[in-house]
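# Remarks on the overall topology
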Amino acid sequence: MKRLTATIEKASDGGYGVYLTNEMFSGMGATPSEAKKDMIDSIRFYVTTCREDGHHYPKWMDEDYQIVYQFDTQSLLRYYHGIFTKAALQRLTGINQKQLSAYEAGTSRPRPAQARKIESALHSLGEELVSIVL
């Protein structure tokens, strides 16, 4: 299975953009979900059009592939602003609320170690939530 990386970024108009890092596809939308759907739709449209016109296209498009979505820290914090409070993120990551606010506002960018700390904390929370049974 081919693994593709897509980057999600906050657009200057307030929406979101997503693009495949090593391919020619992208999408836009008011939310990351809309931007992802727009990109997937463009991939499907491209394949359909190539098939109809008898053109060749990359082989991976006919096989199983997985898209891994990568946020920049600012976009992630802005998108999940209403879900994760700064206090909750501080408890999860150990990064103080003032610094998290600076990352979200874009006035400061996290060092790679800080970005990994945020990612790791969110992954740990996700694993814990997935294991819950009610």
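To start, this report covers the structure provided alongside it. (Residues numbered from 1 in each chain as written. Predicted model: local features only at pLDDT ≥ 70, side-chain atom pairs only at ≥ 80, totals over all residues. Heavy atoms only, no water.)

With that settled, consider the packing of helix H3 (residues 86–93) against helix H5 (residues 112–130). Here H3 crosses H5 at 95°, and the two axes come no closer than 9 Å. Here H3 is positioned roughly perpendicular relative to H5, judged by the angle of their axes. Only Lys-117, Ile-118, Ala-121, Leu-122 and Leu-125 of H5 make contact with H3, whose side of the interface consists of Leu-89, Leu-92 and Thr-93. (Axes fitted to C-alpha atoms, helices over the stretch in contact; angles between N-to-C directions. Helix = DSSP H or I, 4+ residues; strand = E, 2+ residues; numbered from the N terminus. Parallel < 35°, antiparallel > 145°, perpendicular 65-115°, else oblique. Contact = heavy atoms within 4.5 Å.)

Quick look at H5 now. Between its terminal C-alpha atoms H5 stretches 27 Å, which fits the 27 Å expected from 19 residues at 1.5 Å a residue. For H5, every residue scored as buried is listed here: Gln-114, Ile-118, Ala-121 and Leu-122. Along H5, the residues classed as buried sweep out an arc of 90° about the axis, all on the same side. Across H5 from its buried face, at more than 90 degrees, point the exposed residues Pro-112, Arg-116, Glu-127 and Val-130. (Expected span 1.5 Å × (residues − 1). Buried < 20%, exposed > 50% of the residue type's maximum accessible area, 1.4 Å probe, protein only. Arc of directions from axis to C-beta.)

All of the buried residues in H3 are Lys-86, Ala-88, Leu-89 and Thr-93. Axial view of H3: buried residues confined to an arc of 155°, hence all on one face. Buried residues along H3 sit in contact with helix H2 (73–79), helix H4 (97–105) and H5. Of the residues trailing H3, Gly-94 is marked for its positive phi of about 80°.

Burial of nonpolar side chains together is a common tendency in soluble globular proteins. Ranked by size, the top nonpolar core spans 17 residues in total, and within it Leu-20, Phe-25, Met-39, Ile-43, Met-61 and Ile-67 carry the most contacts. Secondary-structure elements contributing two or more residues to this core are strand S1 (2–10), strand S2 (16–20) and helix H1 (32–53). It is H1 that contributes the most residues to this core, six residues altogether. Among all residues touching Leu-20, those that are not within four sequence positions of it are Leu-4, Thr-5, Ala-6, Phe-25, Met-39, Ile-43, Trp-60 and Ile-67. One finds Leu-76, Leu-89, Ile-95 and Tyr-103 within the second-largest nonpolar core, a separate group that totals eight residues. (Core = buried A, V, L, I, M, F, W, Y, C linked by side-chain atoms within 4.5 Å.)

In this structure the tally under the stated criterion is seven aromatic pairs. One aromatic cluster is present, formed by Tyr-16, Phe-71, Tyr-79, Tyr-80 and Phe-84 through successive ring pairs. Note that Lys-36 overlies the ring of Tyr-69, its terminal NZ or CZ placed 4.5 Å from the centroid. (Phe/Tyr/Trp six-rings, centres within 6.5 Å; stacked < 30°, edge-to-face > 60°. Lys NZ or Arg CZ within 6 Å of the ring centre and 35° of its normal.)

What follows deals with the side chain of Thr-93. Following the sequence through the fold, Thr-93 ends up in helix H3. Using a relative accessible area of 8% as the deciding quantity, one classes Thr-93 as buried. At 3.0 Å, the side chain of Thr-93 and the backbone nitrogen of Ile-95 are in polar contact. Setting aside residues up to four positions removed in sequence, Thr-93 forms contacts with Leu-100, Lys-117, Ile-118 and Ala-121. (Polar contact = N/O pair within 3.5 Å; in protein donor to acceptor, adjacent residues only side chain to side chain.)

Turning next to the packing of H3 against H4. H4 packs onto H3 with a crossing angle of 110° between their chain directions and a minimal axis gap of 9 Å. It follows that H3 is roughly perpendicular to H4 by the angle criterion. The handedness of the crossing between H3 and H4 comes out as right-handed. Side by side, H3 and H4 meet where Lys-86, Ala-87, Leu-89, Gln-90 and Thr-93 of the first sit next to Gln-97, Leu-100, Ser-101 and Glu-104 of the second. Taken together, the residues that form the contact of H3 with H4 break down as three nonpolar, four polar and two charged. (Left-handed = near helix turned anticlockwise from the far one by under 90°. Nonpolar A, V, L, I, M, F, W, Y, C, P; charged D, E, K, R; others polar.)

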